[in-house]
Amino acid sequence: MSGRRTEVAIIGGGLSGGLIALALRAQHPEMVVTLIEQGEKLGGNHRWSWFDSDLDGAAHILLEPFRKTCWQGYDVHFPAHERQLRSDYRSLSSEDFDECLRRELPADSILSGTEVASLDASGVDFADGTRLSARAVIDCRGAVPSPHLEGGWQVFMGRHMRTATPHGMERPVIMDATVDQHAAYRFVYVLPLGARDLFIEDTYYADEPTLDRSALSARIDAYARTNGWEGDIIGHETGVLPVITGGNFHAYQAQQRIEGVAMAGARGGFVHPLTSYTLPFAVETALAIAHDAQLPGTQLAALLEQRARRHWSATAFYRLLGTMLFGAAVPEERYRVFERFYRLPQGLIERFYAAHSTLYDKARVLVGKPPVPVGKALSALIGPGRPLAAPQEKK
Ligand SMILES: Cc1cc2nc3c(=O)[nH]c(=O)nc-3n(C[C@H](O)[C@H](O)[C@H](O)COP(=O)(O)OP(=O)(O)OC[C@H]3O[C@@H](n4cnc5c(N)ncnc54)[C@H](O)[C@@H]3O)c2cc1C
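Residues numbered from 1 in each chain as written. Predicted model: local features only at pLDDT ≥ 70, side-chain atom pairs only at ≥ 80, totals over all residues.

## A look at the overall build of the protein
Threshold: A helix here means a DSSP run of H or I that spans at least four residues, while a strand means a run of E at least two residues long, and both kinds are numbered starting from the N terminus. A radius of gyration in this sense is built from C-alpha atoms; the matching globule rule multiplies 2.2 Å by the number of residues raised to 0.38. Three exposure classes are used. Buried residues have 20 or more other C-beta atoms within 10 Å of their own C-beta, exposed residues have 12 or fewer, and partly exposed residues fall in between, all C-beta atoms being placed from the backbone. Note on contacts: each residue gets a C-beta atom placed from the backbone, and two residues are in contact if those atoms are within 7 Å.
The helix and strand tally for the protein stands at 13 helices and 18 strands. The globule rule puts the C-alpha radius of gyration for 395 residues at 21 Å, and the 21 Å found for the protein is close to it. Seen through its principal axes, the protein has C-alpha atoms that stretch 65 × 50 × 45 Å. In the protein, which comprises 395 residues, the proportion classed as buried is 43%. Contacts in the protein between residues at least 24 apart in sequence constitute 78% of all its contacts with a sequence separation of at least 6.

## Remarks on the site of the ligand
This is how the line gets drawn: A molecule or strand has a residue near it when that residue's C-beta atom, placed from backbone coordinates, lies within 6 Å of it. Each residue is assigned to one class: nonpolar for Ala, Val, Leu, Ile, Met, Phe, Trp, Tyr, Cys and Pro, charged for Asp, Glu, Lys and Arg, and polar for all the others, Gly among them. Here the bounds of each domain stem from an automatic or database domain assignment.
Close contacts around the ligand come from 31 residues, with Gly12, Gly14, Gly239, Gly265 and Tyr277 the closest. Sorting the residues of the shell around the ligand by element identifies α1 (15-27), β3 (47-51), β15 (231-247) and α6 (265-268) as the ones contributing at least two each. Residue composition of the shell around the ligand, grouped by class: 11 nonpolar, 15 polar and five charged. Looking at which domains feed residues into the shell around the ligand, each of domain 1 (4-68 + 93-147 + 245-314) and domain 2 (150-242) gives three or more.

## Focus on the domain arrangement of the protein
Each assigned domain of the protein is listed with its residue range as follows: domain 1 (4-68 + 93-147 + 245-314), domain 2 (150-242) and domain 3 (324-390). Listed per partner, the contact involves 13 residues of domain 2 and 13 residues of domain 3. For the side of domain 2 that touches domain 3, the element with the highest residue contribution is strand β10 (residues 146-163), accounting for three residues. When its residues are assigned to classes, the side of domain 2 that touches domain 3 shows eight nonpolar, three polar and two charged.

## Describing the packing of α1 against helix α7 (residues 279-291)
Heads up, the rule is: Only C-alpha atoms enter the line fits that serve as axes; for helices the fit covers just the stretch in contact. Angles between N-to-C directions range over 0 to 180 degrees. Two helices cross in a left-handed way if the nearer one is turned anticlockwise from the farther one by less than a right angle. They cross in a right-handed way if the turn is clockwise.
At their nearest, the axes of α1 and α7 sit 8 Å apart, and the two run at 35° to each other. Regarding α1 and α7, the two cross each other, and that crossing is right-handed. On α7, the residues that touch Leu15, Ser16, Leu19, Ile20, Leu22, Ala23, Leu24 and Gln27 of α1 are Leu279, Ala282, Val283, Thr285, Ala286, Leu287, Ile289 and Ala290.

## Some words on the pairing of β10
Counted only if it meets this: Here a strand pair is declared whenever DSSP counts at least two bridges between the two strands.
By the criterion of burial, β10 is predominantly enclosed, with 14 of the 18 residues buried. Direction of pairing for β10 relative to strand β17 (residues 387-388): antiparallel, over a ladder of two bridges. In the sheet register, Glu150 faces β17, and the bridge partner there is Pro387. Of the pairings in the sheet, the one linking β10 to β15 comprises 15 bridges and is antiparallel in character. The partner of Leu149 across the bridge, within β15, is Gly247. Note that β10 and strand β13 (residues 197-206) share 10 bridges and pair antiparallel. Its bridge partner being in β13, Gln154 is matched across the sheet by Tyr205.

## Description of the nonpolar core
Convention followed: A set of buried Ala, Val, Leu, Ile, Met, Phe, Trp, Tyr and Cys residues, joined to one another through C-beta atoms within 7 Å, is what we call a nonpolar core.
Counting residues in hydrophobic clusters, the biggest one holds 100 residues, and the most contacted among them are Ile10, Ile20, Ile138, Ala262 and Ala286. Those residues in contact with Ile138 that sit more than four places away from it in its chain are Val8, Ile10, Ile11, Ile20, Ala262 and Ala264.

## Some thoughts on the packing of α1 against helix α3 (residues 94-104)
Threshold: Should an angle fall under 35 degrees it is taken as roughly parallel, and over 145 as roughly antiparallel, whereas 65 to 115 is taken as roughly perpendicular and any remaining angle as oblique.
Two numbers describe how α1 lies on α3: the axes approach to 11 Å, and their chain directions differ by 30°. Taken as axis vectors, α1 and α3 run roughly parallel relative to one another. Relative to α3, α1 is oriented so that their crossing is left-handed. Between α1 and α3, the contacting residues are Gly18, Ala21, Leu22 and Arg25 on the first element and Phe97, Leu101 and Glu104 on the second.

## Considering unusual backbone geometry
Phi is mostly negative for residues that are not glycine, and the peptide bonds are mostly trans. Positive phi is not limited to glycine here, since His182 has a value of about 50°. If you trace the backbone, His182 turns up in the loop between β11 (173-176) and β12 (185-194). Residues other than glycine seldom take positive phi values, yet Ala355 does so here, at roughly 60°. Residue placement: Ala355 occurs in the loop between α11 (346-353) and α12 (359-366). Judged by the 20 C-beta atoms lying within 10 Å of it, Ala355 is buried.

## Brief notes about the environment of Ala282
Here Ala282 is to be found in helix α7. Separated by 69 residues in the primary sequence, Ala282 and Arg351 have C-alpha atoms spaced 17 Å apart. In this structure, Ala282 is in contact with Leu15, Ser16, Leu19, Gly265 and Phe270, ignoring residues within four places of it in sequence.

## Here's the deal with the environment of Thr210
As for its placement among the helices and strands, Thr210 is situated in strand β14 (residues 210-211). A sequence separation of 98 residues divides Thr210 from Ala308, and the C-alpha atoms of the two residues are 28 Å apart.

## So, the pairing of strand β1 (residues 4-11)
Here seven bridges tie β1 to strand β9 (residues 131-139), and the two strands are oriented parallel to one another. Bridged to Thr6 within β9 is Ala134. As judged from the four bridges shared by β1 and strand β2 (residues 33-36), these two strands associate in the parallel manner. Counted as the bridge partner of Ala9 is Thr34 from β2.

## So, the environment of Arg351
Within the secondary structure, Arg351 is located in helix α11. Arg351 sits in the partly exposed class, given 18 other C-beta atoms within 10 Å. Taking the C-alpha atoms as reference points, Arg351 and Asp54, separated by 297 residues in sequence, lie 7.4 Å from one another. With residues near it in sequence (within four places) discarded, Arg351 still touches His356, Ser357, Thr358 and Asp361.

The structure is reproduced here in structure tokens:
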């Protein structure tokens, strides 16, 4: 591999890296692009979901080649409120992500099972000591904890289950918060993937980034039992995602920056601070990169930094809500914030998930009888946040 050259090197074949490669392929089929992933499969072990309303027309076109599961409408359940919403919901598995990218991209543009040891503005060095030179280098290696960001955590385990008999569910349940809260904001999320296939995820918004696999697995067992679902376990996925409530984004960028290297995906800061979702922003960023792909790498890096700073400014409202969620409500009462939120109009809820809330939406979310004590909310807003330390696994 020594002495090899590419035009654009993308490091990390996860969601953002894969989408950038796909967008480049669609808009510049002649461009030599190399997507480098340390794992054998692109996309790791994930299931990504999103609302149709998160995306615009160009974004829908980029996602068109992927096999997806689609639903019309979804439900939410809270102790004092239930609702069916009409928004369309989509889900993509990492197996389908990998399959699609291998179909759409030239075979020699994907280097999977290949770890990058270091990168700089003019290329990447591999763990085996060889180098790939590039005109532009894009770092998509995924989220990193940073003392410059503050907040809490969204911890979850999802289980794909094949039920012995048809489960009868027609629509996803995006939040079932009628379950025991276990000192956090906890909810169960269920996707009916097929007549006998379910994806059941137990999620909680926690102060600490601790993943307790056996506790989460036991809670999924209990939830399945309560609903009368029996069957085989097909697989699991887990996540400990930062819920960003504040911090110094300039300092974060300075910490991550490799001079002249563009940074995208969760590492670049393209996340929804409160839901930790990145898919809508990963699609937008991929399209923006494809639009400016002829630029020298250093200019692309500067453009993406600016774009990330604009995203940070535009998402301040969601960090404020996160601050109130973590700081103002005792953990057992945090669900009330979402229970109240889900009484608001469907359009407002859609814009919230897309991180496109209008001024009027923001006012609607904040005014009225607060679901948490006002005094605590104010002290949460004034007080210092918790630095986002590295996730841990409970032994
Ligand atoms: C289990 C799970 C479920 C999620 N569900 C959703 C969802 O439903 N909707 C949503 O919008 N968001 C979801 N998220 C959040 C977020 O969208 C994902 O984390 C998303 O995958 C982030 O994309 P990314 O490209 O930044 O990072 P990743 O997808 O994590 O990709 C980074 C890639 O870089 C590779 N890599 C790292 N270092 C190197 C190296 N040195 N050399 C080569 N390769 C390297 C990694 O192996 C990895 O494949 C989920 C997250 C998790 C963990």
